[in-house]
Amino acid sequence: MEVSAMFSRSTVAFVIFASAAFSARAYDFGRPAAPEEIKLWDIDVHPDGKGLPPGSGSAVSGKTVFEENCAACHGPGGQNGIKDRLAGGQRTLASDHPIKTVGSYWPYATTLFDYIHRAMPYQAPGSLSDDDTYSVVAYILSLNGILPTDAKLDKETLPKVKMPNRDGLIPEPEFRNITNSR
Amino acid sequence: MSAKQNEASAPSRRRFLKFVSAGVGAAAGGPALADTLADVPPREPGADLSGHSERSQYVKIARIPEAGPGMRHVDPDDAINSKTPIDQLVGSITPTDLHYERSHSGVPNLDPAKHRLLMHGMVNKPLVLTVNDLKAMPSTSRVVFIECTGNGWESWKKADPNLTVQNTHGLISTNEWTGVPLRFLIDLVGVDRKATWMLAEGDDAAAVARSIPLTDEILSEAFVAYGQNGEPLRPAHGFPIRLIIPGFEGNLNIKWLRRFKFGDHPWMTRWETARYTQLLADGKARQFQLRMETNSVITSPSGTMKIRPGYNRITGLAWSGYGKISKVEISTDATRMWQSAQLTGLVLPKAQTRFQMDWLWDGKPTKIVSRSVDEKANVQPDRASLVAQMGTNALFHYNAQQTWSIDENGSVSNVLA
């Protein structure tokens, strides 16, 4: 196996490192990450859709997924549950009692896929299939009137969904254009 | 402590000594229980030595779990954070087991032998690191505060008179953290110079993830910590490893760290869009308001305490995500006049700084307030100024001056201003 070869390489490297502080190179520590194992953990989804998996889902099947996995905490139809409200609240953000939901506040539909896929359902995160995740995303967006009740979603169509509050978040000037002296 | 502050506090100390020698001063702590030394219990052999030290049975001190603004004393199942008893702490370092706690899906029980940190994305050489790899690297130690973005969220709309300072300001703590500079790890994997953002992700059930801007400040100050006040991190605070970004909102200091991914745009995770963004009065929201602001609070006397006329030492904590605290001023007459407080102990950048001032209370109802200034000349705003800027729906990043009202009986209570 490679391990012993790697060990001796890192031992040699360590000696070099010890004589020249802060000049360590990759593989002096740790081991290379293989592409197949990176895939296991590379779960993030970008606003442009990068990171979305293959597969598809529909709001119709999403209703069933939601009722089985989500409604206990978020309430039927994504309202009146014990945890975060998911639907409604549009046009309340400037009032004394703003209601922040997916429909009223979330600026990117891709965030919904990313979040459900990584963190939900609370007791068993990551347990929904990719198809079921697309389905429940479509259903939550349909609850908010953002997609029709017969909508389908996949990695091509999800990033194109325009959220009502897409322009509602104003990034701080300090962190709009990141530069550094590296 | 600067020479100027010394001068400012010296006259009040002389006044205080004169006052006490005149025999008028009432002990703020109340009369001693033992009337004569004969009442003090006799000495006797004590307990056996032990593996680690417990608190005295006479010390009752604990965090308070809560579920949200005003939702206290809840079932631990429903709690989302647990607040530090800053009313009972002295100095500026928070005891490890009392460091405030916030998690999004509980505290995972991670085996360090099986834990891994993956570094990938816009890098030359993606790497998998073990905890032992990190411990073998050059390390840094730094005393810094971590503050939950929601610290102070009780106070946006109203002031509940029953709140203690633990309730209003308990989501901040200062510890010494030890770990590997982020810059060292970045050089190790050869991060592409075009990478400007880094996703940091936890190994908790929610896999909490935040986009970190790779500014020079963050590149030079952030580190991956495995040590907390001289020992391995406690599970509640990220064991075996967490990210520390001095001065930046608590949620960025990803606990149970398992992945860094480098890119050239923010990821727009749920936490940086739906959660930690500050809704303004016009319905727009501030995003990536990442730095914790200039802040301070009087911890004694504070909400629900009772004082007596005469000498009272006012003390509290000040902090700023911009750097060192340069000055704390206290008003004991509802902000008409301000006096410089003494900064005691270490004054470190992006760490809580203890302040104190002698005060002779004349027994008349009044209000006491503190305000801090940092080395970048940022001044902690009064409540009206903060609300004028942010409205009252922001939920996070509340740093207005805290006012404590004192009635004719000496009862101290939380008020808006």
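Residue indices begin from 1 for each chain and proceed along its sequence in written order. For naming, the first written chain is A and the first written ligand is 1, with later ones following in the order written. Residue-level local features of this predicted model are given only where pLDDT is at least 70; pairs of side-chain atoms are given and counted only at 80 or more, and the full residue set underlies all totals for whole chains, interfaces and linings. With hydrogens and water set aside, each side-chain value is computed from the structure's full complement of heavy atoms.

Asker: Quick question: what am I supposed to make of the packing of aromatic side chains here?
Answerer: Any aromatic ring pair is given by two values, namely how distant the centres are and how the planes are angled relative to each other. Pairing of aromatic side chains here covers Phe, Tyr and the six-membered ring of Trp, requires ring centres within 6.5 Å, and sorts the geometry by plane angle: under 30 degrees stacked, over 60 edge-to-face, intermediate tilted. Applying the stated criterion across every chain, the model contains 11 aromatic pairs over all chains. Centre to centre, the rings of F66(A) and Y139(A) are 5.3 Å apart; their planes meet at 55°, and the pair counts as tilted. One end of the pair, F66(A), is in helix α3 (residues 59–69); the other, Y139(A), is in helix α6 (residues 130–143), and 73 residues separate them in sequence. In this pair, the class of F66(A) matches that of Y139(A), namely buried. Each residue in the set W106(A), Y115(A) and W271(B) is aromatic and connected to the rest through ring pairs, giving one cluster. Working rule: Lys NZ or Arg CZ, within 6 Å of ring centre, within 35 degrees of ring normal, means a charge sits over the ring. When the ring centre of W177(B) is taken as origin, the NZ or CZ atom of R242(B), which lies over that ring, is 5.1 Å away. Taking NZ or CZ as reference, R258(B) lies 4.3 Å from the ring centre of W41(A), over its face. The way it works is that DSSP assigns letters per residue, a run of H or I at least four long becomes a helix, a run of E at least two long becomes a strand, and they are numbered from the N terminus. Classification of residues uses two cut-offs on accessible area relative to the type maximum, computed with a 1.4 Å probe and protein chains only: under 20% is buried, over 50% is exposed, and between them is partly exposed.

Asker: Explanation requested: the side chain of S296(B) in the structure shown.
Answerer: All names here are of chain B. Inspection of the secondary structure puts S296 in strand β17 (residues 295–300). Accessibility expressed as a relative area gives 0% for S296, which makes it buried. Here the side chain of S296 touches S370 through a polar contact of 2.8 Å, side chain to side chain. We call two residues in contact whenever any of their non-hydrogen atoms come within 4.5 Å of each other. Other than its neighbours up to four places away in sequence, S296 contacts H169, L317, A318, W319, F355, S370, R371, S372 and Q380. Two N or O atoms form a polar contact when they lie within 3.5 Å of each other; inside protein one atom must be a possible hydrogen donor and the other a possible acceptor, and for residues adjacent in sequence the pair counts only when both atoms belong to side chains.

Asker: I'm lost on the pairing of strand β8 (residues 172–181) of chain B in this one. Help?
Answerer: Side chains on a regular strand alternate between the two faces of the sheet. Residue and element names in this part refer to chain B. Counting buried positions along β8 gives 9 out of 10 residues, so the element sits mostly inside the fold. As judged from the 8 bridges shared by strand β7 (residues 140–147) and β8, these two strands associate in the antiparallel manner. The residue bridging S141 from the neighbouring strand is T178, located in β8. Strand pairing is assigned whenever DSSP identifies at least 2 bridges connecting the two strands. Bridge count between β8 and strand β11 (residues 223–228): 5 bridges; the pairing is antiparallel. For T178, the partnering residue across the bridge sits in β11 and is G227.

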